[in-house]
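Each chain, letter by letter, is given below.
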Amino acid sequence: MTVNSTSFTVEIARAVDQVCSSLYTQMFQKVAREEPHYLSNEQRTILMYYPNEITWYKGNKREEIIERIRRTHLKWFNSWLSKQYTGLPPYIKWSSVMNDIMLHATNLFFRMDLDDVITSNDTRHAFQQITNTIKRILLNISKSNPTTIDPAIVPLVREFLLILFYFTLDSKLVIYLKSLQLVDLINVLIRKSNNDDEVHLQAYRILAVIMTEADIKQLQISNRITIVFITFIKKAIDGGVPYVARLHNSLRSLKVLTQHDQIREELIKQEGHSLFLRCALEDQFNPLKAKLPALEILLALVFHKEFATILKNNDTFMNHIRTLTSSSQQDLQLIATALIWKLEKEPETIIKTVQQQQQQPSSISSLMIDKKQYDIMISYSHSDKTLCHRILSSLEKDQLCVWIDSRLMHGATFDVMAKAIENAEFVLICMSDAYKQNPLCEMEASYAVKCQCHIISLVMTPKYKADGWLGVLTSALIYIDFPKLGFDKAYQELKKQIELFRIDNSSSTFAEQDEVHHNSSSLVDNTSEIVPSEENNEEPCSVLKYPHCIDMWTEDHVKSFLLDKELDAFLPILEGMNGKLLHQAYFMCQANQQGMFLSLKEDVNRSQHAILSLKDYLTFLEEIKIYIPFTANNSLNPISTVCNLI
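Residues numbered from 1 in each chain as written. Predicted model: local features only at pLDDT ≥ 70, side-chain atom pairs only at ≥ 80, totals over all residues. Heavy atoms only, no water.

The name recorded for the protein chain in an unreviewed UniProt entry is TIR domain-containing protein, from Rotaria sordida.

Colleague: Looking at this structure, I do not really get unusual backbone geometry. What am I missing?
Modeller: Glycine aside, residues mostly have negative phi, and peptide bonds are mostly found in the trans state. Put simply, proline 89 and proline 90 share a cis peptide bond, and its omega is 5°. One non-glycine residue, glutamate 35, lies in positive phi territory at about 50°. Within the secondary structure, glutamate 35 sits in the loop between helix 2 (22-34) and helix 3 (41-55). A positive phi angle is found at asparagine 194, which is not glycine, with a value near 60°. Mapping asparagine 194 onto the fold places it in the loop between helix 9 (183-192) and helix 10 (197-210). Judged by relative accessible area, asparagine 194 falls into the exposed class, the value being 60%. (Helix = DSSP H or I, 4+ residues; strand = E, 2+ residues; numbered from the N terminus. Buried < 20%, exposed > 50% of the residue type's maximum accessible area, 1.4 Å probe, protein only.)

Colleague: What exactly am I supposed to notice about helix 29 (residues 555-564) here?
Modeller: Since the α-helix packs 3.6 residues into each turn, any two residues three or four apart lie on the same face. Along helix 29, the residues that are buried comprise His557, Val558, Ser560, Phe561, Leu562 and Leu563. Contacts made by the buried residues of helix 29 are with helix 30 (579-591) and helix 32 (614-624). (Contact = heavy atoms within 4.5 Å.)

Colleague: Whenever I open this one, the packing of helix 16 (residues 287-301) against helix 25 (residues 439-450) confuses me. Can you help?
Modeller: In helix packing, the relevant descriptors are the interaxial angle and the interaxial distance, both defined with respect to the helix axes. Relative to each other, helix 16 and helix 25 sit at 35°, their axes nearing to 9 Å. Of helix 25, the residues touching helix 16 (which contributes Glu296, Leu299 and Ala300) are Pro439, Leu440 and Met443. Broken down by class, the residue content of the contact of helix 16 with helix 25 amounts to five nonpolar, no polar and one charged. (Axes fitted to C-alpha atoms, helices over the stretch in contact; angles between N-to-C directions. Nonpolar A, V, L, I, M, F, W, Y, C, P; charged D, E, K, R; others polar.)

Colleague: Sorry if this is basic, but what is going on with the side chain of aspartate 375 here?
Modeller: Looking at where aspartate 375 falls in the secondary structure, it is placed in strand 1 (residues 374-379). According to the relative accessible area criterion, aspartate 375 is buried, its value standing at 10%. Here the side chain of aspartate 375 touches cysteine 401 through a polar contact of 2.7 Å, landing on its backbone nitrogen. Discounting residues that sit within four places of it in the chain, aspartate 375 has contacts with Gln399, Leu400, Cys401, Glu425, Phe426 and Arg502. (Polar contact = N/O pair within 3.5 Å; in protein donor to acceptor, adjacent residues only side chain to side chain.)

Colleague: What is the right way to look at the pairing of strand 3 (residues 424-431) in this model?
Modeller: Each regular strand displays side chains that alternate between the two surfaces of the sheet. Among the eight residues in strand 3, seven count as buried, and that is most of the element. Relative to strand 3, strand 1 runs parallel, the two sharing five bridges. By the bridge assignment for strand 3, isoleucine 376 is matched with phenylalanine 426. In terms of strand pairing, strand 3 meets strand 4 (residues 454-459) through six bridges, oriented parallel. Bridge pairing in strand 4 links isoleucine 429 to serine 457. (Pairing = 2+ DSSP bridges.)

Colleague: Please clarify how the side chain of aspartate 384 should be interpreted in this entry.
Modeller: Structurally, aspartate 384 can be placed in the loop between strand 1 and helix 21 (385-397). Despite its burial, aspartate 384 remains without a salt bridge, the nearest opposite charge being carried by lysine 172 at 8.8 Å. Not counting residues within four places of it along the chain, the set of residues in contact with aspartate 384 comprises Cys430, Ser432, Met460 and Thr461. (Lys, Arg positive; Asp, Glu negative; His and termini not counted. Salt bridge = Lys/Arg side-chain N within 4 Å of Asp/Glu carboxyl O.)

Colleague: I'm lost on the sheet that holds strand 3 in this one. Help?
Modeller: Backbone-to-backbone hydrogen bonds join strands into a sheet, with any given pair of strands oriented parallel or antiparallel. One open sheet holds the five strands; their spatial order is 2-1-3-4-5, and the pairing between them is parallel. Strand pairing shows two members of the sheet lacking a second neighbour, strand 2 (402-403) and strand 5 (479-481), which therefore form its edges. Two strands pair when backbone bridges link them, and strand 1 and strand 2 are joined in this way by two bridges, in the parallel orientation. When the bridges of strand 2 are listed, methionine 377 appears paired with tryptophan 403. In the packing of helix 21 onto the sheet, the strands contacted are strand 1, strand 2, strand 3 and strand 4, and the crossing angle to strand 1 comes to about 175°. In this fold helix 23 (residues 414-422) packs onto strand 1, strand 2 and strand 3, with an angle of close to 135° to the strand it touches most, strand 1.

Colleague: What is the right way to read helix 1 (residues 10-19) from this model?
Modeller: Within the span of helix 1, buried status applies to Ile12, Ala15, Val16 and Val19. Along the long axis of helix 1, the arc covered by the buried residues comes to 95°, so they all point the same way. In this structure, the buried residues of helix 1 make contact with helix 2, helix 3, helix 4 (62-84) and helix 5 (96-110). (Arc of directions from axis to C-beta.)

Colleague: I would appreciate a short explanation of the packing of aromatic side chains in the present structure.
Modeller: Two descriptors summarise a pair of aromatic rings, namely the distance from one centre to the other and the angle between the planes of the rings. According to the stated counting rule, one finds 28 aromatic pairs in the structure shown. Ring geometry for tyrosine 49 and tyrosine 50: centres 5.9 Å apart, planes at 50°, overall tilted. The buried category is assigned to tyrosine 50, whose relative accessible area is 9%. Between the aromatic rings of tryptophan 341 and tyrosine 447, the centroid separation amounts to 5.4 Å while the plane-to-plane angle is 85°, which identifies the pairing as edge-to-face. One end of the pair, tryptophan 341, is in helix 19 (residues 330-359); the other, tyrosine 447, is in helix 25, with 106 residues separating them in the sequence. For the pair shown, tryptophan 341 and tyrosine 447 are each scored as buried. A connected cluster of aromatic rings, assembled from ring pairs, spans Tyr24, Phe28, Trp76, Phe77, Trp80, Tyr85, Trp94, Phe109, Phe110, Phe127 and Phe167. Its guanidinium or amino end placed over the ring of phenylalanine 232, lysine 235 lies 5.6 Å from that ring's centre, counting from NZ or CZ. (Phe/Tyr/Trp six-rings, centres within 6.5 Å; stacked < 30°, edge-to-face > 60°. Lys NZ or Arg CZ within 6 Å of the ring centre and 35° of its normal.)

Colleague: Explanation requested: empty space enclosed by the protein in the structure shown.
Modeller: Under the counting rule described, the total for this entry stands at one cavity of 30 Å³ or more. Considered as a void within the structure, the largest cavity measures approximately 30 Å³ in volume. Along its surface, the largest cavity is lined by Lys255, Thr258, Gln259, Arg264, Ala300, Lys436, Gln437, Asn438, Pro439 and Glu442. Taken together, the residues of the lining of the largest cavity break down into two nonpolar, four polar and four charged. Per-domain counts for the lining of the largest cavity show at least three residues from each of domain 2 (212-355) and domain 3 (374-506). (1 Å grid on protein atoms, 1.4 Å probe; cavity = no way out; pocket = protein on both sides within 12 Å on 5 of 7 lines; lining within 4 Å. Points joined across faces, edges and corners; volume = space filled by probe spheres on them. Domains from an automatic or database assignment.)

Colleague: How should I be thinking about the environment of glutamate 213 in this particular structure?
Modeller: When you line up the elements, glutamate 213 lands in helix 11 (residues 213-219). Residue class for glutamate 213 comes out buried when judged on its relative accessible area of 7%. The residues touching glutamate 213, leaving out its near neighbours within four places in the chain, are Gln259, His260, Asp261, Gln262, Lys436, Asp467 and Gly468. Only 3.0 Å separates the side chain of glutamate 213 from the side chain of lysine 436, close enough to count as a polar contact.

Structure below.
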């Protein structure tokens, strides 16, 4: 056998013909029925040797070969599976021979971690049917084993979970897996598996891809699942060559799992990052299948500020990723520049942006003065490129200037994408599971908010609902659901939203100028007497009189203002602020209302597990406005000129 052979030899051709013949089917079913302790030479050649040769063939005919094998075998395999196994007792324990031929069949029919793709709708439909069969059998196994799974049937459970794991490597099959609501079933199998390592590994790798934020919170398994991944990744690293595929697949699944904040926190707490640093820094690991996912996981973790500081201070790591910025591998180059941007450049850029905004006479009108280089920047996952490029084509036909990475980058870095965001009037966030799972996409979306781009969210895949970081970021935004509306109707809605924003923004500029002119003619002091508030709490909080000028407020004045205006949701997140700090917070809100709303909303959720409504946020801005001093460079509130007189 030649491992990773690229030559289409006579032996490979013979192996494909034999495996696709009726002889393979007959032998497989005969061995499964009789369960012999040994295979004949012919059986071993047909059922094990030839499948192994095909599995490790890497030549340019591989896609054609795999599709031919799947077209030949999937239908009868599903039929055989349904008849052979009900999931109900009594169970017959597999022999080692049966274990071996099932493993080779699984690798041949279903393995997709070797860069295989599903090339036909018939194959995808067959996979869906096999998924249905597996679910039905696993449900029966679970129901028939109330406490612990019978050891005789555990090998079958392992094999089924391995097949389902391979299905998680295809984005469209993931959507189907999620629709079957498998999370509870798999979690039950984990509990009943008597701590079987293989069941745990495959089950958690599946859960890593199909769980939502709500699932993680409800099941409370973030600690448990993190421990399992760290344990298996460490074993795979220490195990060397025999465990390479397991390491690659585990990193691949964990990369998806790190889209969830709870998992990020657990990985940092359990110091899992030391393993990812090994994969990123040590030469023996595959550049694209180990180093790249390890770096992507680290990129997801640096959204945690304290960990970002730790990583930034790791000179060995920082020097290494600087060398990767000139890598011949474009994916490594991109992730390296993204890490450098996130750790070093983004904080500097944000400070610079705030300083520029402080020097601008009016935040709204200044946005209208500068014509952006691009009408639109499209932020998307390459898994959704077909639909995204169709949208691109339509936008360009309508004479809009669009930036999209596939056309303009060709080896460019995250700095180029950041510049595109800064210079785009609109950013289209193309939402899907694949988008949310990608830390680069998270960086693009977050940076677009900080740059005050007008964001329009597009749903790319059927029935997709954003949650987690993407749900927080887009909660106040317009959604345009392309699968639900159909392309033509959805595209017309997209154009409508762009036109409405431009009309509204233009009107706002003139309205703002009129309001400034009107308000500046009045210097009325609206200071009112503040009296103790009456609340239903057992220990009512007294409200102090607070000065009309916010810069004179103490911490107690800030608290009194929030209580008086019934803005209690802000109390935990503004605790410890005096008037000058609150004034600065208000300025940040005016400079980037959308971004600050999302940031404050997330802070409220974390501090008290509550929801900050858009109404409360806008009420806060409206109520505090009259206490803001008027300056020559600030037309936000002429009424408060009394502050300057004081």
